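# Examination of the molecular architecture
Below, each chain spelled out in residue letters.
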Amino acid sequence: SDISRFSFSLLAPCRAMTARGLRVNETLRQERLAALTAAAEQQRAAVEPIITELKERLQSRNLYWKAGKVCRTCRNGSKKRLFCTSCNGKGKGDTSFSFNLGSEQQLKDVLYNGLKLPKRTQDGKLVSDEEALQSLVALDKSGFVAAALRFAKLDTMRGIYERLEPGVDGHVRTVFNPAGTYTGRFSSAEAFYVPHSTNLQNLPGELEAARNPLYAVRDCIVPDPGEVFLYADLSQSEARIVARLCDDRLLMDLWEQGRDIHKWTASAIYGCKEEEVTAEQRYVGKRARHALNYGEGPNKFWRVVNADADVTGVAITLAEAKRIHGAY
């Protein structure tokens with residue numbers, strides 16, 4: 001078919017792009033990795049006071065409390081330890097408490113036993129994955145869930161930076177497949193036969209980069225000496241296409257007037273003037289237009305908004321999602 005012939009004709013340039021690769025700013029990559037580690041430690045420190053207050057409510061105590069090592073001199077003998085000068089009669093070290101923000105079991109204990117948040121389950125089992133946290137962030141007043149989401153995001157970003165490790169020539173590579181998707185877009189992947197290769201099409205986008213510099217992974221991809229990168233994007237193209245397809249004259253007129261459609265949408269949703277719309281409300285208006293134009297229901301919209309709560313600071317309840325869905 002014509003499509004098959006066209007796809008095969010792209011194999012040569014795809015192979016050439018793989019061979020060429022993209023240069024990585026290794027100094028910046030290492031700096032970001034160190035910064036992500038430090039930021040993760042800050043989240044751990046941020047939840048310590050919360051965990052301290054919840055200690056008595058936690059049920060899986062064996063996950064946190066660890067007894068000290070047995071004294072090497074008296075071996076914690078019932079009589080020997082009474083006269084042991086090494087441990088002063090204790091027989092073993094003091095019991096210590098530690099909380100790991102990356103532990104799934106500890107996370108579930110804190111969420112559902114410590115904070116008493118609504119239980120999230122899958123196949124009858126409690127879960128504490130990203131989707132569960134996103135659904136709980138608007139219900140948690142302690143700030144623990146938001147910190148857990150940030151920690152998970154930082155860990156994800158660290159993994160992305162790590163897989164951008166360049167080869168000896170300072171380049172990272174990807175293997176393009178011109179027939180890798182049903183829609184005709186390229187797919188990008190790691191391949192065992194191409195060292196230092198990875199998927200380069202799933203790097204964090206502009207939204208995350210704008211909200212947190214540490215998430216601007218694409219900053220580490222730089223042009224070779226004497227060359228430049230060109231970037232081009234269309235202005236609200238998908239929203240404009242939908243407006244044309246459904247002959248929405250109001251929206252088309254607003255664009256002609258140079259109005260900010262996302263701010264206009266937010267003003268309609270929140271029942272306020274456009275000049276009163278906050279950055280957070282505009283964000284919800286933008287997500288509403290993009291998500292609901294594709295027929296998403298309130299449940300999916302709720303998860304979509306809360307998916308970026310750790311970055312945007314915007315979290316909504318399911319009730320709010322249903323109200324916004326109806327208003328839109």
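Just above, that's the structure.
Read on for a plain summary of the structure. Note that the structure is a prediction, hence the values are computed from the model and not measured. Each residue is numbered by its place in its chain's sequence as written, counting from 1. With the structure being a predicted model, the display of local features is reserved for residues of pLDDT at least 70 and the display and counting of side-chain atom pairs for 80 or more, all residues being used for whole-chain, interface and lining totals. Calculated side-chain values reflect all of the structure's heavy atoms, with hydrogen atoms and water omitted.

### Details of the overall build of the protein
For the protein, the helix and strand inventory stands at 14 helices and nine strands. Throughout, radius of gyration means the C-alpha value; the globule benchmark is 2.2 Å times the number of residues raised to the power 0.38. On C-alpha atoms alone, the protein measures out to a radius of gyration of 26 Å, which is more than a quarter above the 20 Å that the 2.2 N^0.38 rule sets for 328 residues. Each of the three principal axes of the protein carries a C-alpha extent, and together these read 90 × 55 × 40 Å. Each residue is assigned to one of three classes by its accessible area relative to the maximum for its type, calculated with a 1.4 Å probe on protein chains only: buried under 20%, partly exposed between the two thresholds, exposed over 50%. Each of the 328 residues in the protein was classed as buried or not, and the buried ones make up 39%. Restricting to contacts in the protein with at least 6 residues of sequence separation, those with at least 24 account for 59%. Residue exposure ignores everything except the shown protein chains as possible cover, and the areas themselves are Shrake-Rupley values with a 1.4 Å probe. Within the structure as shown, the protein displays about 19700 Å² of accessible surface, and the carbon and sulfur contribution to it stands at 51%. Here Asp and Glu are counted as negative and Lys and Arg as positive; His is not counted, and neither are the chain ends. Where a charge sits is defined by one atom per residue type, namely NZ (Lys), CZ (Arg), CG (Asp) or CD (Glu). The averaged location of the 40 negative side-chain charges in the protein is 9 Å from the averaged location of its 47 positive side-chain charges. Comment: elements are numbered from the N terminus, with helices defined as DSSP H or I runs of at least four residues and strands as E runs of at least two. Throughout, a residue-residue contact means that at least one pair of heavy atoms, one from each residue, lies within 4.5 Å.

### Quick look at the nonpolar core
Ranked by internal contacts, the top residues of the largest apolar core, which has 46 residues, are Phe99, Leu101, Val110, Leu111, Phe144 and Val145. It is helix α6 (residues 144-162) that contributes the most residues to this core, 11 residues altogether. When neighbours within four sequence positions are excluded, Val110 is seen to be in contact with Ile51, Leu54, Leu58, Tyr64, Phe99, Leu115 and Phe144. Counting residues in each nonpolar core, the second largest holds 13 residues, with Tyr283, Ala291, Leu292 and Val305 among its members. Take the buried residues of types Ala, Val, Leu, Ile, Met, Phe, Trp, Tyr and Cys, join any two whose side-chain atoms come within 4.5 Å, and each joined set is a nonpolar core.

### A word on the pattern of salt bridges
Within this document, salt bridges are pairs made up of a side-chain nitrogen of Lys or Arg and a carboxyl oxygen of Asp or Glu, the two lying within 4 Å of each other. For the coordinates displayed, the defined rule picks out 14 salt bridges. Between Arg158 and Glu162 there is a salt bridge whose closest N-O contact spans 3.2 Å. Placement of the pair is Arg158 and Glu162 together in helix α6, with a separation of four residues, close to one helical turn. Taking relative accessible area as the criterion, Glu162 reaches 41% and is therefore assigned partly exposed. Between Asp260 and Arg282 there is a salt bridge; the shortest N-O distance is 2.9 Å. Of the two residues, Asp260 is situated in the loop between α9 (249-256) and α10 (261-270) and Arg282 in helix α11 (residues 279-292); the sequence distance between them amounts to 22 residues.

### Overview of the packing of α10 against α11
Across the interface, α10 lies against α11 with an axial gap of 7 Å and an inter-helix angle of 100 degrees. In terms of orientation, α10 and α11 fall into the roughly perpendicular class. Facing Ile261, His262, Lys263, Trp264, Thr265, Ala266, Ile269 and Tyr270 of α10, the residues of α11 in contact are Gln281, Arg282, Val284, Gly285, Lys286, Ala288, Arg289 and His290. In the contact of α10 with α11, the residues fall into seven nonpolar, five polar and four charged. Here, axes are lines fitted to C-alpha atoms. For helices the fit covers the stretch in contact, and angles between N-to-C directions go from 0 to 180 degrees. Orientation is classified from the angle alone, with under 35 degrees giving roughly parallel, over 145 giving roughly antiparallel, 65 to 115 giving roughly perpendicular, and any other angle giving oblique. Under the grouping applied here, Gly and all other residues not named as nonpolar or charged are polar, the nonpolar ones being Ala, Val, Leu, Ile, Met, Phe, Trp, Tyr, Cys and Pro and the charged ones Asp, Glu, Lys and Arg.

### Some remarks on the side chain of Asn306
Mapping Asn306 onto the fold places it in helix α12 (residues 298-307). The exposure class of Asn306 is buried, given its relative accessible area of 0%. The definition of a polar contact used here is a pair of N or O atoms within 3.5 Å, where within protein one atom must be able to donate a hydrogen and the other to accept one, and adjacent residues in sequence count solely through side-chain atom pairs. A distance of 2.8 Å separates a polar side-chain atom of Asn306 from the backbone oxygen of Gln134. With near-sequence residues (within four places) excluded, Asn306 lies in contact with Gln134, Ser135, Val137, Val314, Ala315 and Ile316.

### Observations regarding the side chain of Ser128
Mapped onto the elements of the fold, Ser128 is located in the loop between β5 (125-126) and α5 (130-136). Among residues more than four places away in sequence, those in contact with Ser128 are Glu104, Leu107, Lys108, Leu111 and Leu133.

### What about unusual backbone geometry?
Residues other than glycine predominantly adopt negative phi, and peptide bonds predominantly adopt the trans conformation. Positive phi outside glycine occurs at Lys116, with the angle close to 60 degrees. Among the structural elements, Lys116 can be located in the loop between α4 (104-114) and β4 (121-122). Exposure remark for Lys116: the relative accessible area of 55% places this residue in the exposed category. Positive phi, close to 50 degrees, is recorded for Gln236, a residue that is not glycine. Within the secondary structure layout, Gln236 lies in the loop between β9 (221-222) and α8 (237-245).

### A closer look at the packing of aromatic side chains
When two rings of Phe, Tyr or Trp (its six-membered ring) have centres within 6.5 Å they constitute a pair, described as stacked for plane angles under 30 degrees, edge-to-face for angles over 60, and tilted for the intermediate range. Taken as a whole, this structure holds three aromatic pairs when the rule is applied. Between Phe176 and Phe186 the ring centres are 5.9 Å apart and the planes differ by 55 degrees, which places this aromatic pair in the tilted class. Remark: Phe186 occurs in the loop between β7 (175-177) and β8 (187-189) and Phe176 occurs in strand β7; sequence separation between them is 10 residues. Judged by centre distance (5.3 Å) and plane angle (90 degrees), the rings of Phe192 and Tyr193 are edge-to-face.

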